[in-house]
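# Residue-level structure breakdown
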Amino acid sequence: MKMVMIVYNEAMDMEVMEVLHGCVLRNYTKIPGVFGKGNTSGTHMGDDIWPGKNNILYISCNDEDAKQLLICVKNLRLKLGREGIKAFTWNLEESTE
């Protein structure tokens, strides 16, 4: 099992959710309106100086689904350019599922 964390600009929420749906992953945890700074996406603090916010998705899935999701996120990054989106994975050691 893997845990996938996707951090992305809130402006691209619809596109990210479509990618998730296209990967046939229906279960996730979304944390909207988070702040941060990325090398390519800039600073998002939700104020007049640093407008915008990010969202975070956590997806618990099997290894194959995680690989497919990373491919989909990479393709979305290519399509949308500087709009920030990144995905991270780590091993999920235990779950109450």
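Residues numbered from 1 in each chain as written. Predicted model: local features only at pLDDT ≥ 70, side-chain atom pairs only at ≥ 80, totals over all residues. Heavy atoms only, no water.

## Focus: a nonpolar patch on the surface
Note the following rule: A residue counts toward a patch only above 30% relative accessible area and without a salt bridge, and it is joined to like-charged neighbours within 9 Å or, for Val, Leu, Ile, Met, Phe, Trp and Tyr, to nonpolar neighbours within 5 Å. The protein chains shown are the only cover counted for residues, whose accessible areas, like all others here, come from Shrake-Rupley with a 1.4 Å probe. Definition used for salt bridges: Asp or Glu carboxyl oxygen within 4 Å of a side-chain nitrogen of Lys or Arg. Helix numbering and strand numbering both begin at the N terminus, where a helix is a DSSP run of H or I of at least 4 residues and a strand a DSSP run of E of at least 2.
Side chains of Phe35, Met45, Ile49 and Trp50 sit close together on the surface and give an oily, nonpolar patch of about 450 Å² of accessible area. Relative to the assigned elements, Phe35 resides in the loop between strand E2 (29–34) and strand E3 (36–38).

## Thoughts on the pattern of salt bridges
Rules: Burial classes follow relative accessibility: with a 1.4 Å probe on protein chains only, a residue under 20% of its type's maximum area counts as buried, one over 50% as exposed, and anything between as partly exposed.
Overall, the coordinates contain 2 salt bridges when judged by the stated rule. Linking Lys30 and Asp13 is a salt bridge whose minimum nitrogen-to-oxygen distance equals 3.0 Å. Of the two residues, Lys30 is situated in strand E2 and Asp13 in helix H1 (residues 13–22); the sequence distance between them amounts to 17 residues. The exposure class assigned to Lys30 is partly exposed, which follows from its relative accessible area of 29%. In this structure, Glu64 engages Lys67 in a salt bridge whose closest nitrogen and oxygen atoms are separated by 3.7 Å. One end of the pair, Glu64, and the other, Lys67, are both in helix H2 (residues 63–80), 3 residues apart, so they sit about a helical turn from each other. Assessed through its relative accessible area of 52%, Lys67 is described here as exposed.

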